[in-house]
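As a plain string of letters, each chain reads:
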Number of protein chains: 2
Amino acid sequence: MLDKLHKTLENGTKTEIKALLKKQHPSEIADILESLPQNMRDKLWKQKSLKQGKILPYLSDAVRGELMQDMPPAKIAGIIQGMETDDAVDVLQDLSDELVEKVLQAMELQQYRRLRQVLFYPENSAGGLMNIDILTVRIEMTLKMVLHYLRRLNKLPEKTDVLMVVDSNHHYRGVLLITDLLTNASKLTVEELISTDIEAIPAHLPAHEVALLFEQRDLLSAPVVDKQGILVGRITIDDVVDVIRAEADHHLMGKAGLDEEDDMFAPVLTTTRNRALWLGINLATAFLAAYVIGLFEETLEKVVALAVLMPIVASMGGIAGSQTLTIVIRGMAIGQITEINTPFLLRKELAVSLLNGIMWSFIVAIIAMLWFDSITLGLIIGTALMINLFCAALAGVLIPVLLSRAAIDPALAGGVVLTTVTDIIGFAAFLGLATVFLKQI
Amino acid sequence: MLDKLHKTLENGTKTEIKALLKKQHPSEIADILESLPQNMRDKLWKQKSLKQGKILPYLSDAVRGELMQDMPPAKIAGIIQGMETDDAVDVLQDLSDELVEKVLQAMELQQYRRLRQVLFYPENSAGGLMNIDILTVRIEMTLKMVLHYLRRLNKLPEKTDVLMVVDSNHHYRGVLLITDLLTNASKLTVEELISTDIEAIPAHLPAHEVALLFEQRDLLSAPVVDKQGILVGRITIDDVVDVIRAEADHHLMGKAGLDEEDDMFAPVLTTTRNRALWLGINLATAFLAAYVIGLFEETLEKVVALAVLMPIVASMGGIAGSQTLTIVIRGMAIGQITEINTPFLLRKELAVSLLNGIMWSFIVAIIAMLWFDSITLGLIIGTALMINLFCAALAGVLIPVLLSRAAIDPALAGGVVLTTVTDIIGFAAFLGLATVFLKQI
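Colleague: Before we move on, can you summarise the overall build of chain A with the specific residues and values?
Modeller: If you tally the helices and strands in chain A, you get 22 helices and six strands. A separation of at least 24 residues holds for 72% of the contacts in chain A among residues at least 6 apart in sequence.

Colleague: Lay out the pairing of strand β3 (residues 172-177) of chain B with the relevant residues and their values.
Modeller: Residue and element names in this part refer to chain B. Counting buried positions over the six residues of β3 gives six, a clear majority of the element. As paired elements, strand β2 (residues 162-166) and β3 share five bridges and run antiparallel to each other. If you follow V162 over to β3, its bridge partner there is L177. Between the end of β2 and the start of β3, which pair antiparallel, lie five residues, with H170 showing a positive phi angle near 65°.

Colleague: Go over the environment of W371 of chain A with me, naming the residues and quoting the values.
Modeller: Positionally, W371 of chain A belongs in helix α20 (residues 341-372). Between the C-alpha atoms of W371 of chain A and K75 of chain A, which are 296 residues apart in sequence, the distance is 72 Å.

Colleague: So, the interface of chain B and chain A: which residues are in play, and what are the values?
Modeller: Residue-level contacts link 97 residues of chain B with 97 residues of chain A. The class makeup of the residues in the side of chain B that touches chain A is 49 nonpolar, 25 polar and 23 charged.

Colleague: Requested: an account of the relation of the copies chain B and chain A, with residues and values cited.
Modeller: Least-squares fitting of chain B to chain A yields an RMSD of 0.1 Å, with the superposition described by an axial translation of 0.0 Å and a rotation of 180°. Such values leave the two copies arranged in the relation of a two-fold axis. Most of the interface of chain B is mirrored in chain A: 100% of its interface residues are interface residues there too.

Colleague: I'd love a proper account of unusual backbone geometry, names of residues and values included.
Modeller: The phi dihedral of A407 of chain A is positive, around 60°, even though this residue is not glycine. Within the secondary structure, A407 of chain A is located in the loop between α21 (375-405) and α22 (410-437). Of note in the backbone geometry, D373 of chain B takes a positive phi value of approximately 55° without being a glycine. Within the element layout of this structure, D373 of chain B appears in the loop between α20 (341-372) and α21 (375-405). Taking the number of C-beta atoms within 10 Å as the measure of exposure, D373 of chain B has 11 and is therefore exposed.

Colleague: Account for the sheet that holds strand β5 (residues 221-225) of chain A, naming residues and giving values.
Modeller: Residue and element names in this part refer to chain A. Spatial ordering of the open sheet is given by β4-β5-β6, a layout of three strands whose pairing is mixed. Bordering the open sheet on either side are β4 (201-202) and β6 (231-236), each of which pairs with just one other strand. Relative to β5, β4 runs parallel, the two being bridged by two bridges. Bridged to P202 within β5 is V225. Sheet strands touched by helix α16 (residues 237-254): β5 and β6. Its angle to β6, the strand with the most contacts, is close to 65°.

Colleague: Describe the confidence of the model for chain A, with residues and values.
Modeller: All names here are of chain A. When pLDDT is averaged across chain A, the result is 87; 99% of the residues are at 70 or more. Of all the helices and strands in chain A, helix α1 (residues 2-11) carries the lowest mean pLDDT, 72, while α21 carries the highest, 96. Interface confidence in the predicted complex, given as ipTM, is 0.82; pTM for the same model is 0.83.

Colleague: Now, about the sheet that holds strand β2 (residues 162-166) of chain A: what can you tell me, with residues and values included?
Modeller: Residue and element names in this part refer to chain A. The mixed open sheet is built from three strands, whose spatial order is β1-β2-β3. Only two strands of the sheet have a single neighbouring strand rather than two, namely β1 (136-138) and β3 (172-177). Mean inter-strand twist for the sheet, computed between neighbouring axes without regard to direction, equals 35°. In this structure, β1 lies alongside β2, joined through three bridges in parallel fashion. Across the sheet, T136 pairs through a bridge with M164, a residue of β2.

Colleague: Can you explain the nonpolar core? Please cite residues and give values.
Modeller: Counting residues in hydrophobic clusters, the biggest one holds 266 residues, and the most contacted among them are I381 of chain A together with I381 of chain B. Setting aside its immediate chain neighbours within four residues, I381 of chain B contacts L309, V313, V364, A365, A368 and F430 of chain B.

Colleague: Outline the environment of G396 of chain B, supporting the account with residue identities and numerical values.
Modeller: Residues and elements named next belong to chain B. Looking at the secondary structure, you find G396 in helix α21. Note on G396: 28 C-beta atoms within 10 Å, which makes it buried. Residues G396 and P410 lie 14 residues apart in sequence; the distance between their C-alpha atoms is 11 Å. Those residues in contact with G396 that lie beyond four places of it in its chain are G321, T324, L325, V328, E349 and L418.

Colleague: Just give me the short version of helix α12 (residues 143-153) of chain A, but keep the residues and values in it.
Modeller: For α12 of chain A, the set of buried residues is L143, V146 and L150 of chain A. Along the axis of α12 of chain A, the buried positions cluster into a sector of 60°, meaning they face one direction only. Facing away from the buried side of α12 of chain A by more than 90 degrees, the exposed set consists of H148, R151 and R152 of chain A. Residues of α12 of chain A that are buried make contact with β1, β2, α13 (178-183) and α14 (190-193) of chain A together with α13 (178-183) of chain B. At the C-terminal side of α12 of chain A, N154 of chain A shows a positive phi close to 75°.

Colleague: Before we move on, can you summarise the domain arrangement of chain A with the specific residues and values?
Modeller: In terms of domains, chain A is made up of domain 1 (2-124), domain 2 (136-254) and domain 3 (268-437). The centre of domain 1 of chain A, based on its C-alpha atoms, is set 46 Å off from the matching centre of domain 3 of chain A.

Colleague: Could you give me a rundown of α21 of chain A, with the residues and numbers involved?
Modeller: All names here are of chain A. The first and last C-alpha atoms of α21 sit 45 Å apart over 31 residues, in line with the 45 Å expected at 1.5 Å per residue. At L398, α21 shows its largest bend, some 25°, and a proline, P400, comes one to four positions later. Residue A407 follows α21 closely and has a positive phi angle near 60°.

Colleague: Which residues make up the packing of helix α17 (residues 268-294) of chain A against α22 of chain A, and what values do they have?
Modeller: Residue and element names in this part refer to chain A. Put simply, α17 and α22 touch, their axes get as near as 9 Å, and they point 10° apart. Taken as axis vectors, α17 and α22 run roughly parallel relative to one another. The handedness of the crossing between α17 and α22 comes out as right-handed. Only V416, T419, T420, D423, I424, F427, A428 and L431 of α22 make contact with α17, whose side of the interface consists of I281, N282, T285, L288, A289, V292 and I293. For the contact of α17 with α22, a count of residues per class yields 10 nonpolar, four polar and one charged.

Colleague: Requested: an account of the pairing of β5 of chain A, with residues and values cited.
Modeller: Residue and element names in this part refer to chain A. Summarising burial for β5: five of the five residues are buried, a large majority. Neither face of β5 is open: one carries S221, P223 and V225, the other A222 and V224, and all of them are buried. Alignment of β5 against β6, held across five bridges, turns out to be antiparallel. Each bridged residue has a counterpart across the sheet, and for S221 the counterpart in β6 is T236.

Calculation notes
Residues numbered from 1 in each chain as written. Chains lettered and ligands numbered in written order. Predicted model: local features only at pLDDT ≥ 70, side-chain atom pairs only at ≥ 80, totals over all residues. Helix = DSSP H or I, 4+ residues; strand = E, 2+ residues; numbered from the N terminus. Contact = placed C-beta atoms within 7 Å. Buried ≥ 20, exposed ≤ 12 C-beta atoms within 10 Å, placed from the backbone. Pairing = 2+ DSSP bridges. Nonpolar A, V, L, I, M, F, W, Y, C, P; charged D, E, K, R; others polar. Least-squares fit on C-alpha atoms with pLDDT ≥ 70 in both. Axes fitted to C-alpha atoms, helices over the stretch in contact; angles between N-to-C directions. pLDDT = per-residue confidence, 0-100. Core = buried A, V, L, I, M, F, W, Y, C linked by C-beta atoms within 7 Å. Arc of directions from axis to C-beta. Domains from an automatic or database assignment. Expected span 1.5 Å × (residues − 1). Bend = angle between axes of the 7 residues up to and from the residue. Parallel < 35°, antiparallel > 145°, perpendicular 65-115°, else oblique. Left-handed = near helix turned anticlockwise from the far one by under 90°.

Here it is, written out as structure tokens:
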């Protein structure tokens, strides 16, 4: 699909492009914008027929920030006033603090107050995700009163599957299913039909945990309350889906030292700068490994076969360790790693590493013996590989546990630390054993 | 939270455990089961007070398969009949074909027919995800008739936000929002209020694309039609969330050669077997790299410094290449890589690699010169590093594109192929240049 669009944008006439854009859902236009090189992107964005306000909520943070940086505050304010609160807040959170203030000042007072309520909470908390356009009913109302109230509203907020039930102090009490309104006698009271299954989410709960709750309970929407138990908003699943996707991206991209909001088509210099740091960190660890190898220069000088084989020991350790690391980091992300099962998991990973170690060390030893015609060399590489696989399993479990205790994100730092460990232990074990046991082959 | 539960399970009395389980949501009990070592898991699963049928839909495929393997078919049939169709199908799809047949035969005819309808579609398609418990209304009905019909049903299916509108041939025509039923005069007809924004999803659409559609359009539910346009079911967002999570896990775990359904607490032997293959594949590529190093044994014998520095060239290539690879694989997963923008992306990645190459090669060259007191060695490692970073960018873009053309999943194979390329080019460029230009330091 995108293919066809790209072709029209490149070669089509103005009328063709306009006709094409008209047919697309705003989310699809956002997709097109994200997948365009920057100059084509800017050109498309400035097309008059484009409904910028409708498209903005669907853009990734990086692309949105880039497209909005030159807009006048009054124009941003105008666009934002037409949005749902949660979308508006999303957009504002990408702008500089200074610009946000200017935008807020250009707004109508009522809208300003609404936005302030949500902006008060951190972006990655239940409060930052919530929408404050909620329908509430009082617990003592009859269905007839509720129906009358809804009819007067004429239009209900999008994605209303339940009405929030509150008491006279606006404390959250439960929900009333819209479907129950349809199938029950109108003389019943809200209290008789209230469903209290859905627990309220505290506004300060991290977005990550909100997402876990939604997934576990198969929720479509959930009420948000402040510390006093007062209902302040509602989170709907479409916003949670964005959190889940962002988190998954964070894990995937973080492993390669990338920001999950990275714009594929950012200018070359921006991308170069973003990636340079990661390369620098890895260069430092590579030099550390080189330093360790350098300690054994004399041994290497005598037996050059060691130089040929040593990367095998290091890289196998890295591979095995990153399997364990991935399992543990994922287990931590879905909240399944606890104090009780960590020791069990560690024992299991060590056992797996021993079994795989025995098998592959044997094979590597045989090949090395045949290749370099030296039984001692075979025994040395086999032993070094077993040591490194064992340490890799140990490191794969302990590194993420220790990193997260030190409040460092294991998804970002885990991989680098792990390969540093497996490289150093791999080279040191292999070359160290060789120094002790090997005379000239 | 899990921590407390684990402690009670380990040290608590039977009554304490029972009381504890009673308070938990089935999804939480599923979480507990997944986070337990296997013997504790089996013990908990056999507790009489556990509502197995409620918990099964929340378990991961691997754990569910393990817990169900010894259940008699009649018992499975009994449990499954109480589930929603999509959950029931989910459970069935993990069992062996033979067992599925036995279970289906133990079922009531009506339920059997319903399940057959969904089992007909592949697991990873819209048809396999859908639920067939849908409420349909005819386009010519008045709201009064609809309301009367709903009231007679007494209880609507869970998560009903819209009613599906069909014509007399059961072709899908649009949806009627439940909220519109509440706010409009009952003499209006469905046709006057029908919303046709939500396009029907073809039953054969891959689950992956269904998830993209839901994300892009912020859908809560969507109708599913067969090839004739006849309405066959409905997909709700909670099932789509599972697809999104599974896909994210696939990307993350696939990179480490792990199955996304891997059970963290599977027996040691199962895990050892699952991981052995991946280690074997990587061992083969490590030997390939060793073979390349072996070609330069003579050079290495003369200048041992080369052995010390060579891992730096290879590992920096691997790091830079995997940044590019990650960006491209993710872009492909969200459908943003097309024929038109691939050449642009390739040029950009190559430019980034040149810039970072120049910078880091300079730094590495200086350090090598100082360390080994040889200007030639510095120039050689700098040049080799630039070559490898450039090839890494090239490989990072081309490998996933070529793999997916060959219908090989780049999320699984991309990383191995890439590091093979960067290792071989890294070692060959560095040692090759040294062979040509370096005399004894």
